[in-house]
Amino acid sequence: MALPWRDRLLPLTWIVIRIDGRSFHRFAEVHDFQKPNDIDALNLMNECAKAVMEDLPDIVFAYGVSDEYSFVIRKESTLYGRRSSKLVSVIVSLFAASYVFKWQTFFPDKKLQYPPAFDGRAVCYPEDSVLRDYLSWRQVDCHINNQYNTCLWSMIKAGKSKDCANNELKGTRADFKNEMLFKQFGINYNDLPAMFRKGSYVFRKKVQSNSGGGTQVSKKSSFVLTIEHGDIIGDTFWKENPYILGIKENL
Ligand SMILES: Nc1nc2c(ncn2[C@@H]2O[C@H](COP(=O)(O)OP(=O)(O)OP(=O)(O)O)[C@@H](O)[C@H]2O)c(=O)[nH]1
Ligand SMILES: [Mg+2]
């Protein structure tokens, strides 16, 4: 048994717990997910992330793509004594249980064929800028994979074998793929849903409301767990929402 202090994550650092679906290549096949993106499956992932964040307020942000989700726990958190095994296992099991619990809502006509499983790992990021770099990296990965898979499945749907399509795409650049999608398949890549191109993120959105009446109207703000899709690379998103990570410097 690991000694508890060995399991403790470095104090005052961002903790990122990344979970990933186990053998989701097979899971997607067995459950006949749309290729390359299944809207219902992605929405189900997003709702599971939201459920995890509802349960654990110390998670301030989550970013998800395909079968993975990264949960960001605030620097000052002392949740479960910052024990890695406890944090990872609680988040993974809560996510997997939510996936089964909510399955029927997203797939009312599909039976869940077997229990899904997720793995998880914890990484600490002491610097705010490195946490932002991590999130940008996951979003770049989403873009690269999605652009590749959109080309691949357009070619396969047009009659090419998977091997042949993979060979044709090997080593090609982003602009080549964009042009191929447009010229051969009439797809303007930028018109595809942002959820496919940019992934999804969950955070507590600040909403302003008026309270009181007559001359006593005052603005009140509250925070609502929200799922959105868009750019989190660069400063714009974080400048517009500085309260999410509480990072004010260097913006
Ligand atoms: N058709 C379809 N497949 C998806 C979708 N989202 C995820 N997947 C599948 O899930 C896989 C996720 O990739 P990985 O996590 O690298 O592979 P994995 O099969 O889950 O294997 P391990 O994570 O190593 O256990 C993708 O390669 C797809 O096959 C989707 O929306 N539609
Ligand atoms: Mg996986």
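Residues numbered from 1 in each chain as written. Chains lettered and ligands numbered in written order. Predicted model: local features only at pLDDT ≥ 70, side-chain atom pairs only at ≥ 80, totals over all residues. Heavy atoms only, no water.

A.B. asks: Which residues make up the packing of aromatic side chains, and what values do they have?
C.D. replies: Tallying each qualifying case throughout the model produces 26 aromatic pairs. Through a chain of ring-to-ring contacts, three or more aromatic side chains come together here, namely Phe24, Phe27, Phe33, Tyr69, Phe71, Phe95, Tyr99, Trp103, Phe107, Tyr114 and Phe118. Above the plane of the ring of Trp137 lies Arg138, whose end atom (NZ or CZ) is 4.3 Å from the centre. (Phe/Tyr/Trp six-rings, centres within 6.5 Å; stacked < 30°, edge-to-face > 60°. Lys NZ or Arg CZ within 6 Å of the ring centre and 35° of its normal.)

A.B. asks: With reference to specific residues and values, describe the site of ligand 1.
C.D. replies: Residues in close proximity to ligand 1 total 15 residues, the closest being Asp20, Ser23, Phe24, His25 and Asp38. Within the contact set of ligand 1, a nitrogen atom lies 3.0 Å away from a backbone nitrogen or oxygen of Gln34. Surface burial for ligand 1 is 64%, taken as the share of its 640 Å² of free accessible area covered by protein chains. The pocket occupied by ligand 1, as judged from atoms lying within 2 Å of grid points, is the largest pocket. Those elements that place two or more of their residues in the shell around ligand 1 are β1 (14-21) and α2 (24-30). Here the shell around ligand 1 gets three residues from one element, more than from any other, and that element is α2. For the shell around ligand 1, the per-class residue count stands at four nonpolar, six polar and five charged. (Near = heavy atom within 4 Å. Polar contact = N/O pair within 3.5 Å; in protein donor to acceptor, adjacent residues only side chain to side chain. Areas by Shrake-Rupley, 256 points an atom, 1.4 Å probe, with all protein chains shown as cover. 1 Å grid on protein atoms, 1.4 Å probe; cavity = no way out; pocket = protein on both sides within 12 Å on 5 of 7 lines; lining within 4 Å. Sits in = over half its atoms within 2 Å of the grid points. Helix = DSSP H or I, 4+ residues; strand = E, 2+ residues; numbered from the N terminus. Nonpolar A, V, L, I, M, F, W, Y, C, P; charged D, E, K, R; others polar.)

A.B. asks: Describe the coordination of the magnesium ion (ligand 2), with residues and values.
C.D. replies: Protein ligation of the magnesium ion (ligand 2) involves Asp20 (OD), Gly21 (O) and Asp67 (OD), the donor distances falling in the range 2.1 to 2.2 Å. Classification of the site at the magnesium ion (ligand 2) rests on its six donor atoms, whose angles at the metal span 82 to 177°, yielding the label octahedral. If you list the donors of the magnesium ion (ligand 2) from N- to C-terminus, the spacing comes out as D-G-x45-D. Placement of Gly21 in strand β1 and of Asp67 in the loop between β2 (59-65) and β3 (68-73) is noted, with a sequence separation of 46 residues between them. No difference in accessibility class separates Gly21 from Asp67, as the two residues are buried. (Donors = N, O, S within 2.8 Å, 3.2 Å for Na, K, Ca; no water. Tetrahedral: all angles 85-135°; square planar, octahedral: opposite > 155°, others 65-115°. Buried < 20%, exposed > 50% of the residue type's maximum accessible area, 1.4 Å probe, protein only.)

A.B. asks: Could you give an account of the UniProt feature "binding site: Mg(2+) 1" (unreviewed entry) in the protein, naming the residues involved and the relevant values?
C.D. replies: According to UniProt, the feature "binding site: Mg(2+) 1" (unreviewed entry) maps to Asp20, Gly21 and Asp67 in the numbering used here. Judged by maximum C-alpha separation, these annotated positions cover 48 residues in sequence but sit close together in space, the widest gap being only 5.6 Å. Lining residues of the largest pocket drawn from the annotated set just named are Asp20 and Asp67. Mapped onto the fold, Asp20 is located in strand β1. With near-sequence residues (within four places) excluded, Asp67 lies in contact with Ile19, Asp20, Gly21, Phe24, Met45 and Phe118. (UniProt positions renumbered as here; feature names shortened; annotations may be inferred. Contact = heavy atoms within 4.5 Å.)

A.B. asks: Give a description of the domain arrangement of the protein that names residues and reports values.
C.D. replies: Looking at the assigned domains, one finds that the protein contains domain 1 (4-137) and domain 2 (147-192). Here domain 1 and domain 2 have C-alpha centroids that lie 29 Å from each other. (Domains from an automatic or database assignment.)

A.B. asks: Tell me about the layout of surface pockets, and please be specific about residues and values.
C.D. replies: Estimates place the volume of the largest pocket at around 840 Å³. Along the wall of the largest pocket there are 35 residues; nearest its centre are Pro36, Asn37, Ser66, Asp67 and Asn149. Taken together, the elements giving at least two residues each to the lining of the largest pocket come down to α2, α3 (39-55), β2, β3, α5 (128-157) and α8 (194-198). Among the elements that make up the lining of the largest pocket, the one with the highest residue count is α5 (eight residues). In terms of residue class, the lining of the largest pocket is built from 15 nonpolar, eleven polar and nine charged. A domain split of the lining of the largest pocket shows at least three residues from each of domain 1 (4-137) and domain 2 (147-192). (Points joined across faces, edges and corners; volume = space filled by probe spheres on them.)

A.B. asks: Any details on a nonpolar patch on the surface? Residues and values, ideally.
C.D. replies: A cluster of nonpolar side chains, Val140, Ile144 and Ile233, forms an exposed patch at the surface whose accessible area comes to about 230 Å². Inspection of the secondary structure puts Ile144 in helix α5. (Patch = residues over 30% accessible without salt bridge, like charges linked within 9 Å, V, L, I, M, F, W, Y side chains within 5 Å. Salt bridge = Lys/Arg side-chain N within 4 Å of Asp/Glu carboxyl O.)

A.B. asks: Describe the UniProt feature "domain: tRNAHis guanylyltransferase catalytic" (unreviewed entry) in the protein, with residues and values.
C.D. replies: The residues that UniProt annotates with the feature "domain: tRNAHis guanylyltransferase catalytic" (unreviewed entry) are residues 7-126. From the first C-alpha to the last, residues 7-126 spans 17 Å; its make-up is 40% helix and 24% strand.

A.B. asks: Give a detailed account of the pattern of salt bridges, specifying residues and quantitative values.
C.D. replies: Throughout the structure, instances matching the rule amount to 13 salt bridges. Across the pair Arg74 and Asp58 runs a salt bridge, and its minimum N-O distance is 3.4 Å. Residue Arg74 is found in the loop between β3 and α4 (84-106), and its partner Asp58 is found in the loop between α3 and β2; the two are separated by 16 residues along the sequence. Relative accessible area serves as the criterion here: at 16%, Asp58 is assigned to the buried category. Arg132 is the salt-bridge partner of Asp235, the closest N and O atoms lying 2.5 Å from each other. Of the two residues, Asp235 is situated in the loop between β6 (218-228) and α9 (236-240) and Arg132 in helix α5; the sequence distance between them amounts to 103 residues. Exposure remark for Arg132: the relative accessible area of 13% places this residue in the buried category. Ionic contacts of the salt-bridge type, sharing partners, join the residues Asp58, Arg74 and Glu76 into one network.

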